[in-house]
Amino acid sequence: MRTDRRFWIKQMGLGIVGLGLTRIPSLAAPGISRPAANDKLPIILRSNENPYGPSPSAQKAIADHLTFSNRYHWDIAPQLIEELAGKNQVSEENILLGAGSTEILDLVSKYAASKPGNYVIADPSYAYWTSTLDHLGMTKIKVPLTAAKTIDLAAMSAAINTDTRLVYICNPNNPTGTLLGREALAGFISRVPQSTTIIVDEAYLDFTRESSLTELTGSHPNLVIAKTFSKIYGLAGARIGYAIAHQTMIRQLTELQSNTNNSVSVLSKLAALASLKDEQFVSDCYALNEKARNYTISELTKLHCTCIPSHTNFIYFSLANYPKDFFKLLEANNIQGTGIYEEQGKWTRITVGTMQEMRQFIRTIQ
Ligand code: PLP
């Protein structure tokens, strides 16, 4: 590991740029390196982050409270939980904060794996978090998507057996961007045995007009809804997410999180609180994403790339009829995308960035 001071300062500078704090005079100190004006910065279309965030009010909250960082400030978590309970129309006992929704997925994994068995997940779906389950000895049961690239709920139900401890539904699904309707999901949830924990991951639901399934947590103690501030709220690096579940489930998860509700820094919690109040920012991001997404889908289609209709801030498309070396072109032009998710059909995913970034992306592959 490199420990020299210059490297550390450079990393810090990059972090500060990433947080959008470059305009804070006290942080713009000489010695903190930033890319020179003529440096070609990469276009990052890889991890479905929000290219516009954090919201100005979240930035201000972080800047205004930097000097709070010397104290634990245990009182901030209850304030945020109260806000989240109000927003989601549940009680405070139904919420648990985590360092990103990844920590929530981890806690549920540990809870579900306390008994040996298997877990059921669509394929492809968001699966980076499942290494915890694998390390805890759980067997993975992968269920292929339908031809339309949606999660096949009938097949997911059929895959559940008496040893299934956990079933994961990503809605909308990453990487395909497809959305399941509330009724279909509610029907599925009611068919899952009580002994199987269900995660519905709503990381991208804010990019749709669909409402959350939160009210089902009252009647389904085995249901956990995972939420994040990393996507439409633009706080990916701040690491803040939360679970909504029945209070008996929240109590069980709480026992697995040593510093309950406080694995997230005070600054991130304050940024989240400010973000919740900045509704204009969220609706602006929604509209900007929709416009850039429509543009990109229309241009990709002209380039013979079949696109799956997206309900998110990313697009799943096929390179099967694309004649050039897509990945080489991206690399040569300093654009970061992802790889191939499904060999058959050569399906890949691109995050929707700003309109300018998407124009650059399309010019690159034309
Ligand atoms: N869930 C889904 C579907 C995601 O795509 C991601 C990140 O890309 C996460 C969860 C993790 O998000 P967080 O930053 O909240 O840990």
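Here the structure is a predicted model, which is why all the values come from computation and not from measurement. (Residues numbered from 1 in each chain as written. Predicted model: local features only at pLDDT ≥ 70, side-chain atom pairs only at ≥ 80, totals over all residues. Heavy atoms only, no water.)

Trainee: Looking at this model, I keep getting lost on the packing of helix α10 (residues 279-302) against helix α12 (residues 355-365). Mind explaining?
Mentor: The contact between α10 and α12 brings their axes to 9 Å, and the two run at 10 degrees. Comparing their axes, α12 and α10 come out roughly parallel. Here α10 contributes Lys-291, Ala-292, Tyr-295, Thr-296, Glu-299 and Leu-300 to the contact with α12, which in turn contributes Met-355, Met-358, Arg-359, Phe-361, Ile-362 and Ile-365. Residues of the contact of α10 with α12, tallied by class, amount to eight nonpolar, one polar and three charged. (Axes fitted to C-alpha atoms, helices over the stretch in contact; angles between N-to-C directions. Helix = DSSP H or I, 4+ residues; strand = E, 2+ residues; numbered from the N terminus. Parallel < 35°, antiparallel > 145°, perpendicular 65-115°, else oblique. Contact = heavy atoms within 4.5 Å. Nonpolar A, V, L, I, M, F, W, Y, C, P; charged D, E, K, R; others polar.)

Trainee: How should I be thinking about the site of the ligand in this particular structure?
Mentor: Thr-102, Asp-201, Tyr-204, Thr-228 and Ser-230 are the nearest of the 14 residues found near the ligand. Residue Tyr-204 places a side-chain N or O atom 2.6 Å away from an oxygen atom belonging to the ligand. Within the side chain of Thr-228, a nitrogen or oxygen atom sits 2.5 Å from an oxygen atom of the ligand. Taking 400 Å² as the accessible area of the ligand by itself, protein coverage stands at 93%. (Near = heavy atom within 4 Å. Polar contact = N/O pair within 3.5 Å; in protein donor to acceptor, adjacent residues only side chain to side chain. Areas by Shrake-Rupley, 256 points an atom, 1.4 Å probe, with all protein chains shown as cover.)

Trainee: Sorry if this is basic, but what is going on with unusual backbone geometry here?
Mentor: For residues that are not glycine, phi is negative in most cases, and the peptide bond is trans in most cases. Omega for the peptide link from Gly-53 to Pro-54 comes to -5 degrees, which places this bond in the cis form. Tracing the backbone shows Pro-54 in the loop between β1 (43-44) and α2 (56-64). In this chain, Asn-171 is followed by Pro-172 through a cis amide linkage whose omega measures -5 degrees. When you line up the elements, Pro-172 lands in the loop between β5 (164-170) and α7 (182-191). Positioned with a positive phi, Asn-48 is a non-glycine residue whose angle comes to about 60 degrees. The residue Asn-48 is located in the loop between β1 and α2 in this model.

Trainee: Is there a simple way to explain α7 in this structure?
Mentor: The α-helix winds at 3.6 residues per turn, so residues separated by three or four positions along the chain end up facing the same way. If you check which residues of α7 are buried, you get Leu-185, Phe-188 and Ile-189. Each buried residue of α7 lies within a common arc of 100 degrees when the element is viewed along its axis, so the set occupies one face. Facing away from the buried side of α7 by over 90 degrees, the exposed positions are Glu-183 and Arg-191. Looking at the buried residues of α7, the elements they touch are α6 (153-159), β5, β6 (197-201) and β7 (223-228). (Buried < 20%, exposed > 50% of the residue type's maximum accessible area, 1.4 Å probe, protein only. Arc of directions from axis to C-beta.)

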